Amino acid sequence: MSLQSEIEKRRTFGIISHPDAGKTTLTEKLLMFGGAIQMAGAVKARKATRHATSDWMKIEQERGISVASSVMKFNYKIDKKDFEINLLDTPGHQDFSEDTYRVLTAVDSAMMVIDSGKGVEPQTEKLMEVCRMRNTPIVTFINKLDREGLEPLDILADIEEKLQIECAPMTWPIGMGKSFKGVYNLYKKELNLFKAGSETADIKVVHIEDLNDPKLDELLGPQADELRDNIELLEGAADPFDLEHFLAGSQSPVFFGSAVNNFGVKELLDAFCEFAPHPGPRKAVERAVNPDEKDFSGFCFKIQANMDPAHRDRIAFFRICSGKFEKGMSVRHHRINKDVKIANAVIFMSQDRAHVEEAYAGDIIGIHNHGTIKIGDTFTTKEQLKFTGIPNFAPELFRRVRLKDPMKRKQLHKGLIQLSEEGAVQVFKTNLGGDYILGAVGVLQFDVTVARLNAEYKVDADYVGTDFQIARWITCDDEKKLAEFTRLFDSALAEDADGFLAYLAPSAWKLNYTEEQWPEITFHKTREHI
Ligand code: G4P
């Protein structure tokens, strides 16, 4: 099979949602359609116990165990057309949302799940910001129509307003909660009748070309007129689906359903396979790289530590950007200028890992290593390339590390650098005093860091609070100005693990004030991995 046809079959995506909207349930149903799992409950069984915030170790373990479910690869057929789907898991716990942000740099599209009772929630807004950085095309699934929820039109207005994306309804619900009858597919002109509790896709589908067809009244009773009115309203108010706008990330096709009842999921998956993009070109510092180029290239977007203390190895997840990966091939690890032979790469088939024999652009492979690979690293067959668009996000929480045994400073340094390369936490070393300040997006990251320092590096440390609340990486073209700033703000400056200078501010007010006073300095919320 040609490289091009392998690429065209592939759909690599992630699901974004606020916890509890139904991501796990939807994932499970999608995997069932792909035949990747037979039994409902298999994904759920491994879901992180995210409500037990005190029980972070369990969550961490869950992350370790869930390596296999980090990427779920399955095959799906529509008529005779074959699709190879890579579904990338995004950690549910918001304290690990940095991982989620990075996973989104490796996808070509995303599915957004919205709880019809809640509308747009904060975590979804945050994740959407990340999707917008690369204009990732997004398909929306409005879930839990079997329950009373917000009015569908209000949900669309909420999405349009909060997420700044145009909505194009593809299906429209008939009733909700107890009166939920199903959805009408606006494009196929089909009525899908809801049946609660179906594990399979045995949904009754009736073709209704003309909404005035009396069959509609027979099937829906008084709700038939309600549907007619709604569709008429939509024709004036809603945007029709436009493939180009979707691919540009400015419009999202919207589906309604109920994941737990497996209703509306198959339609979502079918439309997704049809419209969502196959792997496209990726930007590198040097040039854009096309997926159908003969030579292999890929980048690391996630590192997962092995929770078994007997094994210090980590799995680095690589997104393939071009060419074909073959077992045993030699690739260049550009950051350290070394050729490495990759004999033990793994690919993830929902519940199992298998050794990779070959893989193509869009696929995700896992490579075992002992800390030599870091997030953002590029591997290619030979050409010097550095993929861009894998950012570090400015942390929102800070702690100063207190080392209990001063003799262990070297181990502390090593541990912190490795943990930061893995993306577990961000490390800053203050200009004054050389203290380590840790930055995180979620508080659990701090707990995990001290525990792992202890378990893996034999370093006993804890934290004391800091006054810092905000970090911004700073750059300036004018060396003199930068030197002046550095002299004046020395006590608020720190270097991150890659040697980039950051300004740590005690409040948003102070940051704003400093930004106004120093227009020559640029304050960055994100920074590219080097
Ligand atoms: P998440 O991964 O996004 O956090 O959500 P998850 O799938 O775990 O779903 C959160 C809760 O919402 C679960 O209930 C799940 O059963 C329920 N749910 C998912 N889809 C639907 C739906 O279409 N309709 C209704 N009514 N509920 C839905 P739970 O009580 O937390 O767990 P469980 O004990 O029911 O499994």
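Here the structure is a predicted model, which is why all the values come from computation and not from measurement.

S.K.: Just give me the short version of the pairing of strand β8 (residues 182-185), but keep the residues and values in it.
M.R.: Relative to β8, strand β7 (residues 171-174) runs antiparallel, the two being bridged by 4 bridges. Counterpart to proline 173 in the pairing with β8 is valine 183. Two strands pair when backbone bridges link them, and β8 and strand β9 (residues 190-193) are joined in this way by 4 bridges, in the antiparallel orientation. Directly across from tyrosine 184, in β9, lies its bridge partner leucine 191. Hairpin connection between β8 and β9: a loop of 4 residues separates the two successive antiparallel strands, and lysine 189 in this loop has a positive phi of roughly 55 degrees.

S.K.: How would you summarise the pairing of strand β17 (residues 330-333) if you had to cite specific residues and measurements?
M.R.: For a regular strand, side chains alternate in direction, first toward one face of the sheet and then toward the other. Of the two faces of β17, the one holding Val331 and His333 is buried and the one holding Ser330 and Arg332 is not buried anywhere. Here 4 bridges tie β17 to strand β18 (residues 338-341), and the two strands are oriented antiparallel to one another. Across the sheet, residue arginine 332 finds its bridge partner in β18, namely aspartate 339. Connecting the antiparallel pair β17 and β18 is a turn made up of 4 residues, with asparagine 337 showing a positive phi of about 55 degrees. Two elements, β17 and strand β23 (residues 378-380), share 2 bridges in a ladder whose sense is antiparallel. When the bridges of β23 are listed, histidine 333 appears paired with phenylalanine 379.

S.K.: Could you give an account of the nonpolar core, naming the residues involved and the relevant values?
M.R.: Core analysis: the largest hydrophobic core is formed by 78 residues, its most contacted members being Ile142, Ile159, Leu191, Leu227, Phe325 and Ile365. In terms of residue count, the dominant contributor to this core is strand β15 (residues 314-322) (6 residues). Excluding residues that lie within four positions of it along the chain, leucine 191 makes contacts with Ile174, Val183, Tyr184, Lys204, Val205, Val206, Ile208, Leu216, Leu219, Leu220 and Leu227. Core analysis: the next-biggest nonpolar cluster, separate from the first, contains 31 residues, Phe33, Leu87, Ala168 and Ala259 among them.

S.K.: Describe helix α2 (residues 23-33), naming the residues involved and giving the relevant values.
M.R.: Counting buried positions over the 11 residues of α2 gives 11, a clear majority of the element. Turning to α2, its buried residues number three or more, namely Lys23, Thr24, Thr25, Leu26, Thr27, Glu28, Lys29, Leu30, Leu31, Met32 and Phe33. In this structure, the buried side of α2 is in contact with β1 (10-17), β2 (71-78), β3 (81-88), β4 (109-115), β5 (138-143) and α11 (265-275). Remark: glycine 35 follows α2 within two positions and exhibits a positive phi of approximately 70 degrees.

S.K.: Please give an account of the packing of aromatic side chains that cites residues and values.
M.R.: If you walk through the whole model with that rule in mind, you get 22 aromatic pairs. Look at tryptophan 509 and tyrosine 513: their rings are 5.3 Å apart centre to centre, the planes differ by 5 degrees, and that puts the pair in the stacked class. Placement of the pair is tryptophan 509 and tyrosine 513 together in helix α15 (residues 508-517), with a separation of 4 residues, close to one helical turn. Judged by its relative accessible area of 60%, tryptophan 509 is exposed. Exposure remark for tyrosine 513: the relative accessible area of 39% places this residue in the partly exposed category. Through a chain of ring-to-ring contacts, the aromatic side chains of Phe485, Phe489, Tyr503, Trp518 and Phe523 assemble into a single cluster. The aromatic ring of phenylalanine 317 is capped on one face by lysine 302, whose charged end is 5.7 Å from the ring centroid.

S.K.: Explain unusual backbone geometry to me, using residue names and the numbers behind them.
M.R.: At lysine 144, a residue that is not glycine, the phi angle is positive and equals roughly 70 degrees. Within the fold, lysine 144 resides in the loop between β5 and α7 (152-163). The class of lysine 144 is buried, set by a relative accessible area of 17%. For asparagine 262, which is not glycine, the phi dihedral falls at a positive 55 degrees.

S.K.: Go over the sheet that holds strand β10 (residues 204-207), please, and point to the residues and values.
M.R.: An order of β7-β8-β9-β10 is seen for the 4 strands of this open sheet, with the pairing classed as antiparallel. Since the sheet does not close on itself, it has two edges, and those belong to β7 and β10, each with one partner. Taken pair by pair, the neighbouring strands of this sheet meet at an average axis angle of 25 degrees, ignoring direction. In this fold helix α9 (residues 223-237) packs onto β7, β8 and β9, with an angle of close to 145 degrees to the strand it touches most, β7.

S.K.: Mind laying out the environment of isoleucine 78, listing which residues take part and the relevant values?
M.R.: Here isoleucine 78 lies in strand β2. Spatially, the C-alpha atom of isoleucine 78 lies 9.8 Å from that of leucine 269, the residues being 191 residues apart in sequence. Excluding residues within four positions of it along the chain, isoleucine 78 makes contact with Phe83, Asp270 and Cys273.

Rules used in this analysis
Residues numbered from 1 in each chain as written. Predicted model: local features only at pLDDT ≥ 70, side-chain atom pairs only at ≥ 80, totals over all residues. Heavy atoms only, no water. Pairing = 2+ DSSP bridges. Helix = DSSP H or I, 4+ residues; strand = E, 2+ residues; numbered from the N terminus. Buried < 20%, exposed > 50% of the residue type's maximum accessible area, 1.4 Å probe, protein only. Core = buried A, V, L, I, M, F, W, Y, C linked by side-chain atoms within 4.5 Å. Contact = heavy atoms within 4.5 Å. Phe/Tyr/Trp six-rings, centres within 6.5 Å; stacked < 30°, edge-to-face > 60°. Lys NZ or Arg CZ within 6 Å of the ring centre and 35° of its normal. Axes fitted to C-alpha atoms, helices over the stretch in contact; angles between N-to-C directions.

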